[in-house]
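Each chain is listed here by its residues.
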Amino acid sequence: MPLSTKAPLGPEPLWKPHPRSQVARLPVYLDHHSTTPVDPRVAKAVIAAIMETFGNPHATENAYGTAASELLELARKKVADLVLADRSWVSFTSGSTEAIRLAVEHACRQATDKPFRIALTRLEHRAVLDAVQHAALEHGAEITWLPVDGAGRLDRAFLTAALRRGVHLVCVMAANNEIGTVYPVQAIAAEARQHGAAMLVDATQAAGLREFRLNESEIDYFVISSHKLYGPKGAGALISTASPVSWSSILWARPGTPNLPGIVGLGEACRLAANERAEDARRIASLRDWLQSLLVAGIPGLVVNGATEDRLENNLHIALPDAPNDAVIARTQAIVAVSTGSACASGSHQPSHVLQAIGLSADLQDGALRLGLGRFTTLPEIDHAAAAIISAVADVRSSMTRQ
Ligand code: PLP
């Protein structure tokens, strides 16, 4: 607990939420799959951790260290509570990428028979694809690619056949970060367990919107990231029934001094998500549906990607035939912040591996836009963003026909 109850920041707070008027001058933020703004309530907890509880959580022989250690353990409990896990299952990491690497490496080292076999789809996040690639190079792991359909849905019959042939680790994300398709990970984990395979679930995008009950599931490795949950960047967790003791043999450099402010932020973000997730999901989905209806009505030929019957509540992934996304973004970027795909794909201007894997045509890939709504998105913002996108697409199309 904080050692001081005095107002620690002096008369002028160092941080306060943006007044709405200030935010209104910024483009409408519809890129929540990339990262989320920090919730002011999370920021308050982080600042208190920085300013008041600055002790080293490992220095428990003094009062400052003890206070910091207690705060760390409280955060661990909040993370565990979000997904109905035991707090001893929670290992803190710098984010999902590190947690995924840790999980894949751990699973590889656990296996007694070789070669280690991993089954996954090509729709997994780059962090999983890279970790699996590393396992292939370092441990000679064999990869089975699981087919998907045009909405990104997994071919369960193929998975069953692969499990029968022998798989050690199945990696299926809880929801895709581009097209929003949600996967029945608890059911898949149960099937994997029946065949003796471990299951890694990258829940980076889904943890703030969907319910998970790890105490009732057969998921072996579950991954979350603070900055996708309205927490600060640089904190995440691997939640696993595997003993945390075994992590230290993999990450020999850990555990160093923990990133207490980040971990406190992650914990508070998880506490808020546990309390508000259902209401957030309902409200955000209705805004997303409204945005979709505006765009479908205003843009002839618009295609909605992903599994529309079960997709993340905050996700709207569209493809605009005959309207290249870079031209649309160039016209709208002062009004609305959207993305053409996953951060790494858009950063390096590579075609999106997800859109390629679902077999989207080249023209539709060129016109792909990912719109991601969030906890603070408002109806006027949606109306404003939709009007800007509709008029930009009309302008791009008419300038292309004039050429
Ligand atoms: N997995 C998914 C599905 C993601 O969307 C991301 C980030 O975009 C990651 C993993 C990597 O997360 P982090 O930035 O915490 O390393």
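Above this note sits the structure.
Residues numbered from 1 in each chain as written. Predicted model: local features only at pLDDT ≥ 70, side-chain atom pairs only at ≥ 80, totals over all residues. Heavy atoms only, no water.

A. A look at the site of the ligand. G95, S96, T97, H125, M173, N177, D202, T204, Q205, S225, H227 and K228 make up every residue found near the ligand. A distance of 2.6 Å separates an oxygen atom of the ligand from a polar side-chain atom of T97. At 2.7 Å, a side-chain N or O of Q205 approaches an oxygen atom of the ligand. Bound to the protein, the ligand loses 86% of the 400 Å² it would expose on its own. (Near = heavy atom within 4 Å. Polar contact = N/O pair within 3.5 Å; in protein donor to acceptor, adjacent residues only side chain to side chain. Areas by Shrake-Rupley, 256 points an atom, 1.4 Å probe, with all protein chains shown as cover.)

B. Representation of the sheet that holds strand β5 (residues 169–171). Within the open sheet, the 7 strands sit side by side as β2-β8-β7-β6-β5-β3-β4. Their pairing is mixed. The outermost strands of the open sheet, each flanked by one partner alone, are β2 (90–93) and β4 (142–145). With strand direction ignored, the average angle separating the axes of adjacent strands in the sheet is 20 degrees. Pairing of strand β7 (residues 221–225) with strand β8 (residues 236–240), which is carried by 5 bridges, proceeds in the antiparallel orientation. Bridging across to β8, Y221 finds its partner in S240. (Pairing = 2+ DSSP bridges. Helix = DSSP H or I, 4+ residues; strand = E, 2+ residues; numbered from the N terminus. Axes fitted to C-alpha atoms, helices over the stretch in contact; angles between N-to-C directions.)

C. Up close: the packing of aromatic side chains. Taken as a whole and assessed by the stated rule, the structure comprises 3 aromatic pairs. Ring centres of F54 and Y64 lie 5.3 Å apart, and the angle between their planes is 40 degrees; on these two criteria the pair is classed as tilted. Within this pair, whereas F54 is found in the loop between α2 (40–51) and α3 (63–82), its partner Y64 is found in helix α3, the two being separated by 10 residues in sequence. A relative accessible area of 43% places Y64 in the partly exposed class. Lying across the ring of W145, R122 places its NZ or CZ 4.2 Å from the centre. (Phe/Tyr/Trp six-rings, centres within 6.5 Å; stacked < 30°, edge-to-face > 60°. Buried < 20%, exposed > 50% of the residue type's maximum accessible area, 1.4 Å probe, protein only. Lys NZ or Arg CZ within 6 Å of the ring centre and 35° of its normal.)

Fair warning: the whole summary comes from geometry, so function is off the table for now.
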